[in-house]
Amino acid sequence: MSELHINHKISSPKGTASEYYQKWRLIKDKIAQYGVVIGGLSVIIAVVLIFFFLLYSVYPLFISASAKPLSQYAVPEQQLGKTVLLAMEEQNKVGARFTDTGTVIFFKVTDGETIGTETIKTPTDAKIISFSAGNPATGVAIYGLSNGKAIVVKQLYKETFVNNIRQITPSLQYPLGVDPIIIDATGLALDKVAIKISDKSMLAAKIGHKIQLVSFAPKESLFDDEAGLTRTDTTLEMDGIDVDEILIDKEQRYLYLIRSNGGLSAFDISNKAQPVLLEHKNIANNTPKITSATFLNGDLSVLVGDSNGTVSQWGLVKDEQNHSRLNKFRDFKVSDQSIIAINAEQRRKGFIAVDANSEMGVYHSTSERELLKEQVSGKNAIAMTLSPRADTFLLQTSDGLIHFWHIENEHPEVSIKVLWQQIWYESYSKPAYIWQSSSASNDFEPKYSLIPLVFGTLKAAFYSMLFAVPLSLMGAIYTAYFMAPSLRRVVKPTIEMMGALPTVILGFLAGLWLAPYIEMHLAGIFTLLLVIPTSVILFAYLWQFLPQGFLQKIPEGWDAMILIPIILLSGCLAIGLSDGLETICFNGSLRDWLKSEWGIGYDQRNAMVVGFAMGFAVIPSIYSITEDAIFSVPKHLTIGSLALGATPWQTMTKVVLLTASPGIFSAIMIGLGRAVGETMIVLMATGNTPLIDLSIFQGMRTLAANIAVEMPEAEVDSTHYRVLFLAALVLFMFTFVVNTLAEVVRQHLREKYSSL
């Protein structure tokens, strides 16, 4: 009994320690299990959050505009005359009402309280016959008189701060002098007038049957002092009896005459003394009457409203003979009533139009979007103005009221058509896919087509995979199946170390060394593609004729080492022969021959350079995963195949590759994802131009490179900024869809060949 008692005491601690360690192992297993689950869920949550953040940043692009009334009030100083122009300064505090009697009333836009009035000094022997506003951004207007003279005025809003409160003081200026300017020396009335003022000034007037042009330009002086103005008078050789609108672009290169019956005439007035008629066209078709017209921002297009409630956009484009011709870009249907007024935005390609029944529509020309349509009043519209920031407008109606509205319209430039379809941009000869997101001028028409960027992404990925996949797959097959184990232990880590090389280094080498080298030895590169495979095949054929004693001395799996000097020698031979072949076959320059014979241009940083450079970045990933997949094929499958009489190559193609196909497919997809998302190599090794060109000798711009280039310069929350997020979302969705499909295919292959 005492012995049993002693043994029990001795064995008890051992049992306790064993149970302790067993419990601790179970705890660690649980910790590891929950750690893996939490880590996996964290990755999924992170990916989902990235998706929703991108979606949150992109969503505002597709929100429609909205408008709401702020106030309405009686027309200020209505007894001083009928309104011929409403205007508003940039802060949306002070408005101006030009009347047909030559009086300008300045008022508060919020309640119509009169701030001040100014009367234009007209001669006692003349009266006002016509009126026209110049560019809204300059605030210039012109009054035509009955004695053949004109008076030019300009709105001026002086800002001051008193006790940190902004105060705006409006006034009138006379940029061409207080005295009226003589347009017609015979004293005939100016039926219609138009004006544009810049470093040069130009006035146009319709006088009965003729159109008179008057331009003022500073005289040239050797001493940079004021030498006065040079005046040029010209009469257009065209009957102007039916002309209702005269428009001069801000560069004073083109003049447009618009007739109510639908006639549109375009003149080249670059030479002020000899205007040239470019084209006269009837743009009305079945429309009864043209009712309004104005320039779109930038003065490259004319917006024409008709009595059927349609606004059409017209502009000059070059035809195949390089002649300027009038072209209709697009139409916008506002309503079934006559268009009374059209106001273009001063900083974007949008505009606001109102019909006779005061139904207002907000549109953007490039995106072809109808952003908003509202019934402002039940009365007839008289006049309208849009604020410089396009966030408010004033509308005067026939009941003697002015309606003050606010507009919320942040991102009108983007639509599905702009992003994914061809757009006919101003001055372009035909519709096209264009990415050009910014310019130094507010007149610029943003071009946000993602097609060139998607094309560039796929093009860069295609050429890099074309280079990387054959090399990495064949290398992995040889390393895993045919190479000696001792040599494999050196080669595999060496290739995998290539994946640690920073892509910025590869891009730097590709842009500054590889691209110029390929340009100088283009014929040699193509000679390499012919000579090296031929040399390897020829060497393989001659291998069988070598003495058996020599062949037996080469260890099994070391055959590839014999090929290295063959490849190096054949490469040197190809480069050495290329100059002579280029001289004999291509007149000394392959690049010039391709250009002259085939019309194929050559850009130094092109898809070929990207294919080589990005291929080296992709090869380690594809090679490593493929090699592991092939090497992991169970040995009994290989031994069984060889035992049944199959050759090593037959075993590789019929057994090993099929069994390893899920891993090989995953390797290729991972390599494709790496190529699609690559940034620095594409950024540094291409011309970075968003072109749609399949040529291997032309560059491209990818989605990732475009984001890297333009995001630092994009204004936060601007349309450009959000479109870049949209590009990131497109790239995210592309990789997600490709990887999902790849996983489906991989699982299918795994199930199909798991029984081997």
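Quantities reported herein were computed from a predicted structural model and do not represent experimental measurements. (Residues numbered from 1 in each chain as written. Predicted model: local features only at pLDDT ≥ 70, side-chain atom pairs only at ≥ 80, totals over all residues. Heavy atoms only, no water.)

1. Some details on the overall build of the protein
On a plain count of helices and strands, the protein comes out with 15 helices and 31 strands. Against the 2.2 N^0.38 benchmark of 27 Å for 756 residues, the protein shows a C-alpha radius of gyration of 38 Å, more extended than a compact globule. Dimensions of the protein along its principal axes, counting C-alpha atoms only, are 130 × 95 × 55 Å. The 756 residues of the protein split such that 46% are buried. When contacts within the protein are restricted to residue pairs at least 6 apart in sequence, those whose partners lie at least 24 apart make up 57%. Only carbon and sulfur atoms are counted for the fraction: they give 60% of the accessible area of the protein, which is about 38,300 Å². Across the protein, the mean location of the 61 positive side-chain charges is 7 Å away from that of the 69 negative side-chain charges. (Helix = DSSP H or I, 4+ residues; strand = E, 2+ residues; numbered from the N terminus. Rg over C-alpha atoms; globule rule 2.2 N^0.38 Å. Buried < 20%, exposed > 50% of the residue type's maximum accessible area, 1.4 Å probe, protein only. Contact = heavy atoms within 4.5 Å. Areas by Shrake-Rupley, 256 points an atom, 1.4 Å probe, with all protein chains shown as cover. Lys, Arg positive; Asp, Glu negative; His and termini not counted. Charge placed at Lys NZ, Arg CZ, Asp CG, Glu CD.)

2. Describing the pattern of salt bridges
Any two side chains of opposite charge can pair, on the condition that their charged atoms come close. Throughout the structure, instances matching the rule amount to 22 salt bridges. Here K328 and D331 are joined by a salt bridge, their closest N and O atoms 3.0 Å apart. Given the relative accessible area of 35%, K328 is considered partly exposed. Under the relative-accessibility criterion, D331 is labelled partly exposed at 42%. (Salt bridge = Lys/Arg side-chain N within 4 Å of Asp/Glu carboxyl O.)

3. Looking at the side chain of K349
If you trace the backbone, K349 turns up in the loop between strand 23 (339-344) and strand 24 (350-355). K349 sits in the buried class, given a relative accessible area of 1%. Looking at K349, its side chain comes within polar contact range of the main-chain oxygen of N297, at 2.4 Å. Separated by 2.8 Å, the side chains of K349 and E426 make a polar contact. When residues no more than four places from it in sequence are discounted, the contact partners of K349 are L296, N297, G298, H364, S365, T366, E426, D443, F444 and E445. (Polar contact = N/O pair within 3.5 Å; in protein donor to acceptor, adjacent residues only side chain to side chain.)

4. Let's talk about the sheet that holds strand 12 (residues 201-207)
Taken together, the 4 strands give an open sheet; going across it, the order is 11-12-13-14, and neighbouring strands pair in antiparallel fashion. For this open sheet the edge positions go to strand 11 (192-197) and strand 14 (229-235), each flanked by a neighbour on one side alone. Strand-to-strand twist of the sheet, defined as the mean angle between neighbouring strand axes without regard to direction, takes the value 15°. (Pairing = 2+ DSSP bridges. Axes fitted to C-alpha atoms, helices over the stretch in contact; angles between N-to-C directions.)

5. Notes on the sheet that holds strand 5 (residues 114-119)
Sheet architecture is open: 4 strands sit in the order 2-3-4-5, paired in antiparallel fashion. On the outer flanks of this sheet lie strand 2 (83-88) and strand 5, each paired with one strand and no other. The sheet shows a mean angle of 15° between the axes of neighbouring strands, taken without regard to direction. One ladder, built from 5 bridges, connects strand 4 (residues 103-108) with strand 5; its direction is antiparallel. Residue F106 lies in a different strand from strand 5, and its bridge partner there is G116.

6. Overview of the packing of helix 10 (residues 607-631) against helix 12 (residues 648-677)
Between helix 10 and helix 12, whose axes approach to 8 Å, the crossing angle comes to 145°. For the pair helix 10 and helix 12, the crossing hand works out as right-handed. Along the contact surface, helix 10 presents M614, A617, V618, S621, I622, I625, T626, A629 and I630, while helix 12 presents M652, V656, L657, A660, G663, I664, A667, I670, G671, R674 and A675. Residue composition of the contact of helix 10 with helix 12, by class: 15 nonpolar, 4 polar and 1 charged. (Left-handed = near helix turned anticlockwise from the far one by under 90°. Nonpolar A, V, L, I, M, F, W, Y, C, P; charged D, E, K, R; others polar.)

7. Considering the packing of aromatic side chains
This structure, assessed with the given rule, holds 30 aromatic pairs. With 5.5 Å between their ring centres and 70° between their planes, Y20 and Y21 make a pair best called edge-to-face. Judged by its relative accessible area of 56%, Y20 falls in the exposed class. Residues F329 and W424 carry aromatic rings whose centres are separated by 6.0 Å and whose planes lie at 90° to one another, so their mutual orientation is edge-to-face. Taken together, the residues span a long stretch of sequence, with F329 in strand 22 (residues 324-333) and W424 in the loop between helix 2 (416-420) and strand 30 (435-436) at a distance of 95 residues. Cluster of aromatic residues (ring-pair linked, three or more members): Y478, Y481, F482 and W649. We note R488 situated over the ring of F631; from NZ or CZ to the ring centre the distance is 3.8 Å. (Phe/Tyr/Trp six-rings, centres within 6.5 Å; stacked < 30°, edge-to-face > 60°. Lys NZ or Arg CZ within 6 Å of the ring centre and 35° of its normal.)

8. Notes on the nonpolar core
Within the largest apolar cluster, 82 residues are counted, with the highest numbers of intra-cluster contacts made by L450, I518, M614 and I630. Per-element accounting of this core gives the leading share, 13 residues, to helix 10. (Core = buried A, V, L, I, M, F, W, Y, C linked by side-chain atoms within 4.5 Å.)

9. So, unusual backbone geometry
If a residue is not glycine, its phi is most likely negative; likewise, a peptide bond is most likely trans. Despite not being glycine, N163 shows a phi value in the positive range, around 55°. Position of N163 among the secondary structure elements: in the loop between strand 8 (149-162) and strand 9 (165-173). On the basis of relative accessible area, N163 is assigned to the exposed category, the value being 69%. Despite not being glycine, E368 shows a phi value in the positive range, around 55°. Within the secondary structure, E368 is located in the loop between strand 25 (359-364) and strand 26 (369-375).

10. Focus on helix 14 (residues 703-710)
The buried fraction of helix 14 amounts to 6 of the 8 residues, a majority that puts the element mostly inside the structure. Every buried residue of helix 14 is accounted for by L703, A704, A705, N706, I707 and E710.

11. What to know about the confidence of the model for the protein
Here the protein averages 86 in pLDDT, and 95% of its residues register 70 or above. Looking at the elements of the protein, mean pLDDT is at its lowest for helix 7 (residues 548-553), recorded as 75, and at its highest for strand 4, recorded as 94. Low confidence marks residues 1-12, where pLDDT is under 50. Its contacts with residues over four positions away, or in another chain, come to 0 contacts. (pLDDT = per-residue confidence, 0-100.)

12. Quick look at a nonpolar patch on the surface
A cluster of nonpolar residues, V37, L41, I44, I45, V48, L49, F52 and L55, forms a patch on the protein surface that exposes about 730 Å² of accessible area. One can find L49 in helix 1 (residues 2-58). The exposure class of L49 is exposed, given its relative accessible area of 55%. (Patch = residues over 30% accessible without salt bridge, like charges linked within 9 Å, V, L, I, M, F, W, Y side chains within 5 Å.)

13. Thoughts on the side chain of R369
By the secondary structure assignment, R369 is in strand 26. Nearest to the buried, unbridged R369 among oppositely charged side chains is E413, at 7.0 Å. There is a polar contact of 3.4 Å between the side chain of R369 and the backbone oxygen of L61. Those residues within four positions of R369 in sequence are excluded, and the remaining contacts are L61, F62, I63, S64, F332, V362, Y363, H364, H411, P412, V414 and S415.

14. Things to note about the packing of helix 11 (residues 635-643) against helix 12
For any two helices packed against each other, the geometry is given by the interaxial angle and the distance between the axes. Closest axis-to-axis distance for the helix 11/helix 12 pair is 10 Å, and the angle between their directions is 145°. Note that helix 11 runs across helix 12; the crossing there is right-handed. Between helix 11, through L637, T638, S641 and L642, and helix 12, the contact on the second element is made entirely by P648, T651, V655, V656 and T659.

15. Some thoughts on the pairing of strand 6 (residues 128-133)
Bridge analysis of strand 6 against strand 7 (residues 140-145) gives 5 bridges, and the strand direction is antiparallel. Residue pairing for strand 7: I128 is matched across the bridge by L145. Hairpin connection, strand 6 to strand 7: the antiparallel pair is bridged by 6 residues, and G139 has positive phi, about 70°.

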